[in-house]
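Report on the structure
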Amino acid sequence: MDKIMKKLIYLVASLTFASLLGIVAYIVIKGLPNLSLDLFRFNYTTENMSLVPAMITTIIITIIALIISIPIGILTAIYLVEYANKNIIMKFISIAIDTLSGIPSIIYGLFGMIFFVTYLNLGFSILAGSFTLSIMVLPLIITTTRESLLTVSDSLRQGSLALGATKVRTIFKVVLPCALPGIFSGIILSIGRIFGESAALIYTAGTVAQIPENLFSSGRTLSVHMFALSTEGLHTDKAYGTAFVLMIIILLINFLSNQVIKKISKEK
Amino acid sequence: MSKIKIKDFNLFYDNFQGLKNINMNIEENKITAFIGPSGCGKSSLLKSINRMNDLVDSCVTNGNIYFDDKDIMKTDVTQLRKEIGMVFQNPNPFPMSIYNNIAYGPRTHGIKSKEELDKIVESSLRKAALYDEVKDSIHKSALKLSGGQQQRLCIARALAIEPEVLLLDEPTSALDPISTLKIEELLQSLKDDYTIVIVTHNMQQALRISDNTGFFLNGELIEFNETDKLFTFPENEKTENYITGRFG
Amino acid sequence: MRENFEKELKNLHLEIETMGNMVIKVIDNSVIALTKKNTDLAKKIIAEDIDINNMEKKIESHCLNIILRENPVASDLRFISSVLKIITDLERIADQGADIAEISLYLSDEDFITPIVKIPQMANIAQDMVRKSLEAFINGDLSLATEVIEMDNRVDELFHCLKNHLIELIIENPKNGTQALDILMIGKYLERIGDHAENISEWVIYFLTGKVPNI
């Protein structure tokens, strides 16, 4: 029985690795030959599907979305863990947050379109897209922050309070620094989700392939760019090239953030 | 002289009465030990003295505890905890450097000057008999210390805010015998300057270091007496049965 | 709870009872050896003194072992420390008994200068004191222990009578002096036995009340 189980586990694991490797290999094989300097031109034209504007848009949208969602998310998590009474309403809020993090992104997209694009009259814009995505990643940041706050031992809180520190000081000087690696990985996950998001952005930030002039202009992120290229059907090769670049960027972000987390943890 | 006076003190957790009508005077510059089986209320009483029980929502108390004749419930809790330090069962150094651990308390109470903090850190480490062991790694993480060193660091951290009373909640139960002895030695050297109250499961420890011992059972203070007296001729049969191991 | 410890304590009870009985027998026999001029018995007493010494050592090491292993407190601590004290007194009593037996050896080929009356009386009371003090210890009987302390006065009285009587005999005839001194010694030994029994009772009182005796 043990042996069969062990074999099964090995099998499943190798299937996972195989499919992962398969995808990566596929993108590399299909994408690498399609990379050309033209793809990195500053301007997007109908002849040259440059991905630089999309890259810039991605970065702008990510930064704005995070600027909004990180403070709100962290403070909400602090409230939930450190202040809220454990009553039924709190339970309901917790369930709501967990549910929100599982909702398909297209629903956020529709909400963003109705609320930001139409109701607040922002139009298809970087701003509407960023707002929508900040709402989308909020549950993720809240839950990861909450989890890591919960792992901080109560004895540390008591130690700080017993020295006469206030609750606020205890949270910001002791608890939050301890939770930092966890919070950080939540932010990384959020960046990943924003980078990979297309559905929610098509309805809110639009698909204009140029570098946005201001926050009210429409713009497409790399994922949307890829989606557009492949649905148009004319430039699937360029889509593969973009996919390759996107993959490299995400690998890079993961690598860098892992280094940062390691550094934070080591300092303790 | 009594440093802390406890008068008709009761404590409840929801419907459970954790402490029943406790009256005791804790003497200055003495080590007072609280002993008794788990759940007897000794830790609850300890935590009431610096109002750590305020943090437990379900905890309600009545009666009074006086610290230097001031009602602790009418004292600002920050100030109270500055004057009554606490060390916990498991060493709980903050995940920061040794220096920052000790400077945390003084900084909390508004000391910012580096020279002053340097002085406090060194003297606190010396008082806790830890200075020689850590003087070269004072800016390294406190989590790299051994369990016994961590606990002495926690004592140093508590001493850094210059309290008058030191409360210790089973401070050696997580430590090996050598570290335990070091802490016991330390406590005895500290009693000239501090009033020490220690909760312990280890009766031999109470015997070794304390001047007075209180025995608690089911939320009641059964007997409070000089340690020598309590352990050679206890007045109450329940005390006798507990300390001689003929309990329950 | 602490079943092994309880067993050890019970063993100590038994051992001290055994030692007590040995000692009481020594007191009885030493006086019999004297009055009946029984040299064999006297020699036997002297020879067996070593058994009592060994018994003391054995009980002592048991006590130290219990202290080491069990960290006795409260009544247990008082019990163990009383045992340690009591066995010393018992051993001394046995020594006095042996001393009496030794003197009875010298006296065995002499005629007594006076009928030996006070000595058996004293021995009776002293022996009774030892027995009662041990009984008080084993049963935790405070009033019996106090009674023993009272009894010591009668031993002291008898000793004084004996002394005065012997002084008269010496005045009557100085040649009586040698034997009179021997008999006085025996009386003194019995009087010491009474004191030791009193000590034992003091330790019983300490065991029961925590009051440290001022011996």
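Predicted model, so just to flag it, every value in this text is computed and none were measured.

So, the domain arrangement of chain A
All names here are of chain A. On domain assignment, one finds that chain A holds domain 1 (1–34) and domain 2 (38–266). Computed over C-alpha atoms only, the centres of domain 1 and domain 2 are separated by 28 Å. Facing 8 residues of domain 1, the contacting portion of domain 2 comprises 7 residues. Buried surface at the junction of domain 1 and domain 2, summed over both partners, amounts to about 690 Å²; 78% is from carbon and sulfur atoms. The interface formed by domain 1 and domain 2 holds 0 salt bridges in total. Joining domain 1 to domain 2, the criterion identifies 1 residue pair in polar contact (both at pLDDT 80 or more). For the side of domain 1 that touches domain 2, the per-class residue count stands at 5 nonpolar, 2 polar and 1 charged.

Observations regarding the sheet that holds strand 8 (residues 195–199) of chain B
Residue and element names in this part refer to chain B. Spatially, 6-7-8-3-9-10 is the arrangement adopted by the 6 strands of the open sheet, whose pairing is mixed. Each of the sheet's edge strands pairs with one partner strand only, and the pair in question is strand 6 (84–87) and strand 10 (220–226). For this sheet the average axis-to-axis angle between neighbouring strands, irrespective of direction, equals 15 degrees. Of the pairings in the sheet, the one linking strand 3 (residues 31–35) to strand 9 (residues 212–217) comprises 4 bridges and is parallel in character. Looking at the pairing, threonine 32 lines up with asparagine 212 of strand 9. Strands in contact with helix 1 (residues 42–49) are strand 3, strand 6, strand 7 (165–169), strand 8 and strand 9; relative to strand 7, the strand with the most contacts, it is inclined by about 150 degrees. Here helix 7 (residues 177–190) sits on the sheet in contact with strand 3, strand 7 and strand 8, set at roughly 150 degrees to strand 8.

Topic: a nonpolar patch on the surface
On the surface, a nonpolar cluster with roughly 890 Å² of combined accessible area is contributed by Met1(A), Met5(A), Leu8(A), Ile9(A), Tyr10(A), Leu11(A), Val12(A) and Leu15(A). With respect to the secondary-structure elements, Leu11(A) resides in helix 1 (residues 2–31).

Structural notes on the sheet that holds strand 5 (residues 70–71) of chain B
All names here are of chain B. Ordered by their spatial adjacency, 4 strands build an open sheet running 2-1-4-5, and the pairing between neighbours is antiparallel. Sheet topology places strand 2 (16–27) and strand 5 at the edges, where each strand pairs with a single neighbour. Of the strand pairs in this sheet, strand 4 (residues 59–67) and strand 5 are connected by 2 bridges, and their pairing is antiparallel. Within the sheet, the bridge partner assigned to tyrosine 66 lies in strand 5 and is aspartate 71.

Cut-offs and rules
Residues numbered from 1 in each chain as written. Chains lettered and ligands numbered in written order. Predicted model: local features only at pLDDT ≥ 70, side-chain atom pairs only at ≥ 80, totals over all residues. Heavy atoms only, no water. Domains from an automatic or database assignment. Contact = heavy atoms within 4.5 Å. Buried area = accessible area lost by both parts, 1.4 Å probe. Salt bridge = Lys/Arg side-chain N within 4 Å of Asp/Glu carboxyl O. Polar contact = N/O pair within 3.5 Å; in protein donor to acceptor, adjacent residues only side chain to side chain. Nonpolar A, V, L, I, M, F, W, Y, C, P; charged D, E, K, R; others polar. Pairing = 2+ DSSP bridges. Helix = DSSP H or I, 4+ residues; strand = E, 2+ residues; numbered from the N terminus. Axes fitted to C-alpha atoms, helices over the stretch in contact; angles between N-to-C directions. Patch = residues over 30% accessible without salt bridge, like charges linked within 9 Å, V, L, I, M, F, W, Y side chains within 5 Å. Areas by Shrake-Rupley, 256 points an atom, 1.4 Å probe, with all protein chains shown as cover.

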